[in-house]
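Residue strings, one per chain:
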Amino acid sequence: VQLVESGGGLVQPGGSLRLSCAASGFTFRIYVMNWYRQAPGKERELVARISSAGGRTNYADSVKGRFTISRDNAKNTVYLQMNSLKPEDTAVYYCSSQIQWLGAPDYWGQGTQVTVSS
């Protein structure tokens, strides 16, 4: 099983980034997918979640209206479009997968750094 994130980097406040997570080694299309983040000195938090078919999503209050999670089951990839980025969005972003909507993640990626700074 592999989850490989990409797309992180340094961006100015107000800018945008698109994260990708390529999955392999499991039946991607039946799994719920998540984006979590962890800032220095803080606990890991759930940013966004998407159902297996993509019809249901959930977002942390802090990112609602700015971030969009999506998936392409033909490409085994989940995305996180991040707009209007703020310095407080700075964190390592991880993708993860789980079978049940309210379950705990089964698999994790290695993370990608997002830094929002002028």
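Note: the structure precedes this text.
Structural notes, computed from the coordinates. The structure presented is a predicted model; accordingly, all values stated were derived computationally and were not measured.

Analysis parameters
- Every chain is numbered independently, its residues counted from 1 as its sequence is written.
- Restriction of local features to residues with pLDDT of at least 70 applies here, the model being predicted, together with a cutoff of 80 or more for giving and counting side-chain atom pairs; totals for whole chains, interfaces and linings are based on all residues.
- With hydrogens and water stripped out, all remaining heavy atoms of the structure feed into the side-chain values.
- To pair, rings of Phe, Tyr and Trp, with the six-membered ring standing in for Trp, must have centres within 6.5 Å; the planes then decide the type, stacked if under 30 degrees apart, edge-to-face if over 60, and tilted in the middle.
- Only protein chains enter the area calculation, which uses a 1.4 Å probe; residues under 20% of their type maximum are buried, those over 50% are exposed, and those in between are partly exposed.
- Any Lys NZ or Arg CZ that is within 6 Å of a ring centre and within 35 degrees of that ring's normal is treated as a charge sitting over the ring.
- Nine residue types can take part in a nonpolar core, namely buried Ala, Val, Leu, Ile, Met, Phe, Trp, Tyr and Cys, and a core is a set of them joined through side-chain atoms within 4.5 Å.
- A run of DSSP states H or I qualifies as a helix once it reaches four residues; a run of E qualifies as a strand once it reaches two. Both are numbered from the N-terminal end.
- Residue contacts follow a heavy-atom distance rule, with two residues in contact if any of their heavy atoms lie within 4.5 Å.

## Considerations on the packing of aromatic side chains
And step 1. Considering all chains together, one arrives at 6 aromatic pairs under this definition.
And step 2. Measuring from centroid to centroid gives 6.4 Å for Phe26 and Phe28, while their planes differ by 55°, and the two rings are tilted.
And step 3. The class for Phe28 is buried, based on a relative accessible area of 1%.
And step 4. The structure contains a cluster of three or more aromatic residues connected by ring pairs, namely Phe26, Phe28, Tyr31 and Tyr107.
And step 5. Seen from the ring of Tyr79, Arg18 lies directly overhead, with NZ or CZ sitting 4.0 Å from the centre.
And step 6. Lying over the aromatic face of Tyr94, Arg44 brings its terminal NZ or CZ to 4.0 Å of the ring centre.

## Brief notes about the nonpolar core
And step 1. The biggest cluster of nonpolar side chains holds 29 residues, and the ones touching the most others in it are Trp35, Val78, Leu80, Met82 and Tyr93.
And step 2. Elements supplying a minimum of two residues to this core: strand 3 (17-24), strand 4 (32-38), strand 5 (45-50), strand 7 (67-72), strand 8 (77-82), strand 9 (91-98) and strand 11 (112-116).
And step 3. Among the elements that make up this core, the one with the highest residue count is strand 3 (4 residues).
And step 4. Once residues lying within four places of it in the same chain are set aside, the contact partners of Met82 are Gly15, Ser16, Leu17, Leu19, Arg66, Phe67, Tyr93 and Val114.

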